[in-house]
Amino acid sequence: MLFRSYTILINGSSPITYNWLGSNILTNGASTIKVMPNASTVYTVYGSDPGGCSVSTTVSVTVTQTPPAPTGTGGTVCGPNNVNLSSSLSNPANQLFWTDTIGGQILATGNSYSPYVTKSGSYYVREVAGVNNAYVGYDGSLAAPVGYFPDVASYLNFTVNNSEGIVINFVQVSTNLGAGLYPLVVALMNTSGQVVSVHDTIWISGGSTAMQTVNLNMFVPQGSWRLQPIANPNLSVHATAAGPYSIQNQVTISCFGNQNSSCFPTAYFGLFYNWNISKACFGLPTIVNYTVTTPPPVSISSRDGESFCGPIATTLSAVDTVSFTYDIFEWSPATGLSATVGNPVYVNGINNTITYTLTARDTDAHCTNVVPITLSYNPDPSLVLGFHDTTLC
């Protein structure tokens, strides 16, 4: 499959002279030619030897058209809430995906996305056609590691050559930590170390140095980038690593580095192995904006104050003195509460400082407000009486 108008090489057979027929042939007369088709087509090569014998064969080239930037519709919500965003395809055979920046973790696919938001902002949506998967990266299980790097400044630099970008579907990692689960947080950065997007926390298993798969599902535009674990559970680094380090016209892994050195040459390969990527026709992004408006005020009143000597016992009430529109009151955590839904609620038997959160909802206006209250626990003072002489006249 060919995306846009990349130049490709087509090889003929063994006859001495060659003649190619087809559209947009850039070079001719040799066993290998360059073509730049604008649509799916068939190329035919005729080969002949000095004795006048000739043969011919054909090859089909499929061209997938890059889709346009999709349309996008934003939304408005009151207070922290889920906002409904939508987009539309130019071709029903294609797919839409959503990211929070120009590149990074794919948060959702499809025509709609309803993230929970707390302040005004935007998301990016792209249309993609013709997805194919490919692999790149050293298989670290082939050689013993030279070390495990716990510092969060270790990184792997790479370049995306595809003008439309790629998706890193998954990579593999190796750790030498003991048995248990450990958080791995991966950031997409520019080569200066500026964070572009941070992936959700991924949990990896300790207790074995065997390779394990980490799903990234991360879109990366054309350009030079850095993949860096910013919560790094001792990921392995290998020496004299065999390639491949690149997929032609798609991606090249350039070098590994850490906080104590500049980027090593690719004789050292670190952190992320066996990349599985999707190469496709990624259209330009559309920025979809949304607005979060300020909800009506609400506060919490504690009948007996907010500081207590001994066990905490009080009544918490939601105070809606301006709009009187909130009709659902949710409380968390449940510790010590008589109920988690309603107004008021009662607190009893808490022997430590605790913070409760009230989520007030107006179901008609689809409005939400979230406010906390901290109740401070002060243990009763101890008093010890004593006398120098307990016998008196």
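Remember, it's a predicted structure, so these values are computed and weren't measured experimentally. (Residues numbered from 1 in each chain as written. Predicted model: local features only at pLDDT ≥ 70, side-chain atom pairs only at ≥ 80, totals over all residues. Heavy atoms only, no water.)

It is worth spelling out the overall build of the protein at this point. In terms of helices and strands, the protein carries zero helices and 38 strands. Taking the contacts inside the protein whose residues are at least 6 apart along the sequence as the reference set, 70% of them involve residues at least 24 apart. When the accessible area of the protein is evaluated, it comes to approximately 19200 Å², of which 52% is carbon and sulfur surface. (Helix = DSSP H or I, 4+ residues; strand = E, 2+ residues; numbered from the N terminus. Contact = heavy atoms within 4.5 Å. Areas by Shrake-Rupley, 256 points an atom, 1.4 Å probe, with all protein chains shown as cover.)

This next bit is on the sheet that holds strand 32 (residues 299-302). Taken in spatial order, the three strands of this open sheet run 32-34-36, and their pairing is antiparallel. Both edges of this open sheet fall to strand 32 and strand 36 (345-350), since each of them pairs with a single strand only. Across this sheet, the average inter-strand angle for adjacent strands is 30 degrees, counted without regard to direction. (Pairing = 2+ DSSP bridges. Axes fitted to C-alpha atoms, helices over the stretch in contact; angles between N-to-C directions.)

Another point: the packing of aromatic side chains. According to the stated counting rule, one finds seven aromatic pairs in the structure shown. Three or more aromatic residues joined by ring pairs form one cluster here, namely Trp98, Tyr113, Tyr123 and Tyr290. Positioned above the aromatic ring of Tyr155 is the side chain of Arg226, whose terminal nitrogen or guanidinium carbon lies 3.6 Å from the ring centre. (Phe/Tyr/Trp six-rings, centres within 6.5 Å; stacked < 30°, edge-to-face > 60°. Lys NZ or Arg CZ within 6 Å of the ring centre and 35° of its normal.)

Per-residue confidence for the protein gives a mean pLDDT of 84; residues scoring 70 or more make up 84%. Of the regions scoring below 50 in pLDDT, residues 1-9 engages in 43 contacts with residues more than four places distant in sequence or in other chains. (pLDDT = per-residue confidence, 0-100.)

Moving on to the sheet that holds strand 11 (residues 85-88). Spatial ordering of the open sheet is given by 8-11-15, a layout of three strands whose pairing is antiparallel. Bordering the open sheet on either side are strand 8 (71-73) and strand 15 (112-113), each of which pairs with just one other strand. Inspection of the sheet shows strand 8 paired to strand 11 by three bridges, in the antiparallel sense. Pairing of Thr73 across the sheet is with Ser86, part of strand 11.

Before going further, it helps to examine the pairing of strand 28 (residues 251-257). Of all seven residues that make up strand 28, five are buried, and the element is covered over most of its length. The sheet contact formed by strand 19 (residues 155-160) and strand 28 spans six bridges and is antiparallel. In the sheet register, Thr159 faces strand 28, and the bridge partner there is Thr252. One ladder, built from two bridges, connects strand 27 (residues 246-247) with strand 28; its direction is antiparallel. (Buried < 20%, exposed > 50% of the residue type's maximum accessible area, 1.4 Å probe, protein only.)

The full count for this structure, using the stated rule, is one disulfide. Two residues, Cys78 and Cys367, share a disulfide whose sulfurs are 1.7 Å apart. Placement of Cys78 in strand 9 (residues 75-78) and of Cys367 in strand 38 (residues 367-378) is noted, with a sequence separation of 289 residues between them. Of the two residues, Cys78 and Cys367, neither departs from the other in class, the shared state being buried. (Disulfide = S-S within 2.5 Å.)

A few words on a nonpolar patch on the surface. Taken together, the side chains of Val195, Val198 and Ile230 make up a nonpolar region of the molecular surface, amounting to roughly 210 Å² of accessible area. Inspection of the secondary structure assignment puts Ile230 in strand 25 (residues 223-231). On the basis of relative accessibility, which here comes to 35%, the residue Ile230 falls in the partly exposed class. (Patch = residues over 30% accessible without salt bridge, like charges linked within 9 Å, V, L, I, M, F, W, Y side chains within 5 Å. Salt bridge = Lys/Arg side-chain N within 4 Å of Asp/Glu carboxyl O.)

Looking at the secondary structure, you find Ser174 in the loop between strand 20 (166-173) and strand 21 (180-189). Side-chain polar atoms of Ser174 contact the backbone oxygen of Thr209, separated by 2.6 Å. (Polar contact = N/O pair within 3.5 Å; in protein donor to acceptor, adjacent residues only side chain to side chain.)

As enumerated under the stated definition, the model contains two salt bridges in all. Here Asp304 ties to Arg303 by a salt bridge, and the two come within 2.8 Å at their closest N and O atoms. Here Asp304 falls in the partly exposed class, since its relative accessible area comes to 38%. Across the pair Glu330 and Arg361 runs a salt bridge, and its minimum N-O distance is 3.0 Å. Of this pair, Glu330 sits in strand 35 (residues 328-332) while Arg361 sits in strand 37 (residues 354-362); the two residues are 31 residues apart in sequence, bridging distant segments of the chain.

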